[in-house]
Protein chains: 2
Amino acid sequence: MTVAVELIINQLKQVLLEEQVSTNETVRQLHGKDESHHAMSLPDIVVFPRSTADVSAILKVAHAHRVPVVPFGVGSSLEGNAIPIANGISIDFSEMNAILEVRPEDLLVKVQPGVTRSQLNKELKKHGLQFTVDPGADATLGGMAATNASGTTAVRYGVMRDQVRDLEVVLADGSVIHTGNLAAKSSSGYHLNGLFVGSEGTLGCFTELTLKVYGIPEFVTAGRAVFNTVGDAVSSVTALLQTGISVGRVELVDEASIQQANIYNDTVFSDKPTLFLEFHGNEAGMHADIAFATEIFEDFHCLSVEFEHDNAGRNKLWEARHSLAYAYMHAHPGKKLMSTDVCVPISMLAETILYAREQLNTVGLAGGIVGHVGDGNFHALLMLNPDDAEEQAKADRFNEHIVQYALLRGGTCTGEHGVGIGKMRYQATEHGSSLAVMKSIKIALDPLNIMNPGKIFSL
Amino acid sequence: MTVAVELIINQLKQVLLEEQVSTNETVRQLHGKDESHHAMSLPDIVVFPRSTADVSAILKVAHAHRVPVVPFGVGSSLEGNAIPIANGISIDFSEMNAILEVRPEDLLVKVQPGVTRSQLNKELKKHGLQFTVDPGADATLGGMAATNASGTTAVRYGVMRDQVRDLEVVLADGSVIHTGNLAAKSSSGYHLNGLFVGSEGTLGCFTELTLKVYGIPEFVTAGRAVFNTVGDAVSSVTALLQTGISVGRVELVDEASIQQANIYNDTVFSDKPTLFLEFHGNEAGMHADIAFATEIFEDFHCLSVEFEHDNAGRNKLWEARHSLAYAYMHAHPGKKLMSTDVCVPISMLAETILYAREQLNTVGLAGGIVGHVGDGNFHALLMLNPDDAEEQAKADRFNEHIVQYALLRGGTCTGEHGVGIGKMRYQATEHGSSLAVMKSIKIALDPLNIMNPGKIFSL
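About the cut-offs
- Residues numbered from 1 in each chain as written.
- Chains lettered and ligands numbered in written order.
- Predicted model: local features only at pLDDT ≥ 70, side-chain atom pairs only at ≥ 80, totals over all residues.
- Heavy atoms only, no water.
- Pairing = 2+ DSSP bridges.
- Helix = DSSP H or I, 4+ residues; strand = E, 2+ residues; numbered from the N terminus.
- Contact = heavy atoms within 4.5 Å.
- Axes fitted to C-alpha atoms, helices over the stretch in contact; angles between N-to-C directions.
- Domains from an automatic or database assignment.
- 1 Å grid on protein atoms, 1.4 Å probe; cavity = no way out; pocket = protein on both sides within 12 Å on 5 of 7 lines; lining within 4 Å.
- Points joined across faces, edges and corners; volume = space filled by probe spheres on them.
- Nonpolar A, V, L, I, M, F, W, Y, C, P; charged D, E, K, R; others polar.
- Expected span 1.5 Å × (residues − 1).
- Buried < 20%, exposed > 50% of the residue type's maximum accessible area, 1.4 Å probe, protein only.
- Polar contact = N/O pair within 3.5 Å; in protein donor to acceptor, adjacent residues only side chain to side chain.
- Buried area = accessible area lost by both parts, 1.4 Å probe.
- Salt bridge = Lys/Arg side-chain N within 4 Å of Asp/Glu carboxyl O.

Student: Describe the sheet that holds strand S2 (residues 45-47) of chain A, naming the residues involved and giving the relevant values.
Tutor: Residues and elements named next belong to chain A. Within the open sheet, the 4 strands sit side by side as S1-S2-S4-S3. Their pairing is mixed. Each edge of the open sheet is held by one strand with a lone partner, namely strand S1 (21-22) and strand S3 (69-72). Here S2 runs beside strand S4 (residues 89-92); their pairing, made up of 3 bridges, is parallel. Pairing of Ile45 across the sheet is with Ile89, part of S4. Running over the sheet, helix H3 (residues 52-65) touches S2, S3 and S4 and is turned about 170° from S4.

And the structure:
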C-alpha cells in the first residue's frame, strides 16, 4: 500500500465509520470484476456509504486527491463497466438499499441505488404495481440506470431511461443535484435525466432514483412459437410489430440455446428456433391479439404455438429464458462469458442474426443466439477460455465483425450492456464527430477525470 | 443598418443565393414574433437555407462575427422561444421541408426540420402510418423537437423526445453531428438525442430528424364525459390511469372553454366540465376498455358519456378541442394570448387546477382552463391587452402563483411550451444546483453564446 493510499484511507475514515472503509484483499477482489470475460483490476479501497452525505464526503476526498472513483452495484455488468481499471475507490451501494417512497396514485417510486429489481418488485406487488425493466440478472436499480439497461420487456414498456423521472446525483466535486422532477413530462431546461442515465458512472454517482411503475396487467399469457428457421421466426416478429399489436415480450431463442436451456432447467422444449412470447391486457383484447398473432406466425410456417395460462407455466418459461447465460456458464466450467450486444433497425434484424450465426460457425466457438427481437437487439453468447489468447482473439474478431455489420446498417454496438471497456474501440466509428461533443460534456462536468475514468471513451 | 450588419449580409450572400438572404422590413417583422404575448424583437437578417451545407455556412459566418442566430419554424411557439431578442440572424427553415425517407418496416421517417405535422401525416397515411405528437398548432417538426412539444396524445405515445431516434445538428461553429442512430434502443455513449431535444435552439440547429411513427390503430373511438365539477372530472382520470387502461387521449375542457368552443365551432356541447376522450385498439379490447372507463366515470358522478363512432363526429370533437386557443383569440380581438403550462404529479392535479380556477377568478381576467389531464399538464388561457401594463402585471402574478404552487408539489413550470423568455425567471427555483450543470453544457458547446442567446437561462 502506497503512502498516498494510506493518506486517503485516513481521510475517508474521518468522514465515514471505520467499518465503512475496507482494504481487505477478498473485498477488493469482489469489486475488481463483473460477470464478463474482462480482466480483473482491483480497487485500492472499497467504501460502503449509507447516505447521500457519505457519498458526497467520499467524492470530496477523492476530488481533493484526484483519485479515481467507480460506483458498484452487484457486479452483474457485462462489459467491465464497474471494474476499476485505474484502481482507486470502489463505492459499493449495497448499504443504500432502501425503498424510500411508493406513490401509487402517481405510479412512481423513490429508491436508493442499491435496491435490486426483485426487491423492488416484491414491495410493489403489495400495491398491485410492478417495475417493468427486466435484464435477467437481479441487478441494482442504480447499476441499471448507469448502463441504461433494458431486457425482455422493453418492447412494451421501454428501457431504463424511459422509467427515470428524477435522479439525485453526486457530482465529481461532491456537490449534489437533481436531474428531474415528479411531473410526467417537462420542457423546462436541458434533459439531464436522459444524459445521466447511461453515463456509466463517468458523470456522477446516483444516490436516489425516482422511477415510473405500472399497474400489474389484468391478464397475462405467455407462450412459445416454434419455427423451422431463425429467419422465419424473426420475419414473423417484424410483421407482428407492424400491425401495431401490443406485445408484452417477444424473445428469440435459437436451436443451440434451447438445448442449453433444456439441460440446465430440465425442460423438454423442442430444439428448434423459438419465440418466447407474452401478451397483456384486458381479457377480450388479449385473446384477439393472440389470435391475430397466431395467424401471422402461421404465415411464416410456424410449427407450433402453445400458450401457458397459469402462473407456474409462465414462470417456468421465463425462468428458462432468463437463466440462459447461466446455463451456458454451467455447461462450460472454467470458461468465461462473452456476449455481443448489437441492436439494428428491425428491417435488418433477420439478416444480421443469420450473419452472426454464420460467423459463429466459421469461427468455431461454442455459443448460441438469443435476442430481444422486438427491439432489434440480440446477443451471441460465447464461452471463452480466459487463458487461451487464440480463442480470445477469435472471439474479438467475431465481435468486431458483428459490430461493423450492425453499424453499417444504422445500428449500435450496444443495445443494453453499455460501453464499459469492451465497446470503447467502436465509439469513434459509431458516433463520428458527436464523440467530441460527448467528451466536451465529460470535461465540463468532471475536469479532473476521476469519475470511472477510462470507460466509454479515453480523453 | 450598421456597417457590421452590411458586412455580414455580404458574407452571407457569398455562401447563399441572393434570394435566400432578406432584410425586408415585413419579412423581419414576421420573424420577430410568435403566437404569444411576448414583445416583438426584429432580426437584422432573415436567411432561408435549402440544405445542411447552407446552415453550416450560415453558422460559420455568424460564428466568425459572434452574431446571434435563432432558428425559426412557423412561429407557433408560445413563450417567445423563436423571437430574436438579441437581434442577429433568423434562420427560416421553410425551404427545408422535404420528407426524405419513409421506412414502414422500421416504423421510422426521416424529415427536414421545416416539414409540418400535417404535411407528414398526409404522407404517412399512404403507408397506413401516423406521427402521433399533436400540439394543436400545425408546427414544424424542427420546432416541435426544439421545444419538446407534446399535446393531446402524449398520454399514449409520449412526447416529442420519445419519438426522436436521430438528429442531424449543425453546431455553433458550423460543424455537423448526428445525435443517434436507427436502432430502437442503445446504451452507447451519452444520450445526445435527449439533450438536444428541448434545447430550444441554444445548442445547435436541427437539419434532419429521424422520428418514430406508428401504425394507424385498427379501431378508434372518441367521446365526451360531462361532469358537474372539475374536481370530479380530474379525479376520475387519476382513477382511470391507475387501472392501467390504455387511453389514447384524455383532455379536460372547463365550463368557460366549452362556451368559447361552442361559439367558435358552432357546436352545442353541454357547458359543464368535460373530458374529451379517445380509445384505440382491437375492437374487442377497445369496447372492454370503454365499458370499464364508463364505470369509473359513473363512480365520479358523471352526468353523461357519449361516444362518436364515425370519423366525422370524431374530427368535429377534436377540432373543437384543438381550436380552443384560436377560439379565445377570436373572441378577444386586439388582445394577446397568455397560456400557463405547469405540469404536476397526477395526484396533485385536481387541487392544482382548482387553485388555478380560484386564482383566475380572484385576479379577474377572462380565461379558461384546458388540460392534458392524463399527463398532469394543463393550461389556463388568458387574454391580455398588450398595452395595458396593469393587466399584464396581473397576468404575470397569476402565472407566478400557479408556477410556485406546481413547483412546491414536485411539478415543472412548463410541460410542453418550453422556457423561451417567459419561464426563465423560474429556472433557478425549479432546477436549483443543476442549473449550473446546464450552463456548463451550454458553455462547452457554444462558448461564444451565439445560439439563441438569452433563452432558457442567462449566462
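Student: Would you mind going over the domain arrangement of chain A in detail, with residue names and values included?
Tutor: Looking at the assigned domains, one finds that chain A contains domain 1 (3-94), domain 2 (99-215), domain 3 (219-325) and domain 4 (332-421). Of note, the centres of domain 1 of chain A and domain 3 of chain A, computed from C-alpha atoms alone, are 42 Å apart.

Student: Help me get a handle on the layout of surface pockets, residues and values and all.
Tutor: Residues and elements named next belong to chain B. Approximately 1000 Å³ is the volume found for the second largest pocket. Lining the second largest pocket are 33 residues, with Asn121, Gln130, Arg249, Arg314 and Asn315 sitting closest to its centre. The biggest single contributor to the lining of the second largest pocket is helix H12 (residues 311-322), with 6 residues. By residue class, the composition of the lining of the second largest pocket is 11 nonpolar, 13 polar and 9 charged.

Student: Tell me what's going on with the environment of Gln29(A), and back it up with residues and numbers.
Tutor: All names here are of chain A. Within the secondary structure, Gln29 is located in helix H2 (residues 25-30). Separated by 126 residues in sequence, Gln29 and Val155 place their C-alpha atoms 37 Å apart. With near-sequence residues (within four places) excluded, Gln29 lies in contact with Met40 and Leu42.

Student: Any chance you could break down helix H15 (residues 389-408) of chain B for me, citing the residues and the numbers?
Tutor: Since the α-helix packs 3.6 residues into each turn, any two residues three or four apart lie on the same face. Residues and elements named next belong to chain B. A rise of 1.5 Å per residue sets the reference length of H15, with its 20 residues, at 28 Å; its end C-alpha atoms lie 28 Å apart and thus fit the reference within 8%. All of the buried residues in H15 are Glu391, Gln392, Ala395, Phe398, Asn399, Ile402, Val403, Tyr405, Ala406 and Leu407. The inward-facing, buried residues of H15 abut strand S16 (336-339), helix H14 (349-363), strand S18 (377-384) and helix H16 (427-431). The opening residue of H15, the one whose side-chain oxygen lies 3.0 Å from the backbone nitrogen of Glu390, is Asp388. Where H15 ends, the next residue or the one after it, Gly410, has phi of about 80°, a positive value.

Student: Could you give an account of the interface of chain A and chain B, naming the residues involved and the relevant values?
Tutor: Across the boundary between the two partners, chain A contributes 77 residues, which contact 77 residues of chain B. Taken as a group, Lys185(A), Ser187(A) and Tyr190(A) account for 17% of the area that chain A buries against chain B, more than any other trio of residues on that side. Our enumeration of links across chain A and chain B arrives at 4 salt bridges. Lys185(B) is paired through a salt bridge with Asp375(A); the nearest N and O atoms lie 3.4 Å apart. On the surface where chain A and chain B come into contact, there are 46 residue pairs in polar contact (both at pLDDT 80 or more). Elements with a minimum of two residues in the side of chain A that touches chain B: helix H7 (160-163), strand S9 (176-178), helix H8 (192-196), helix H9 (230-242), helix H11 (283-299), helix H16 (427-431) and helix H17 (434-445) of chain A.

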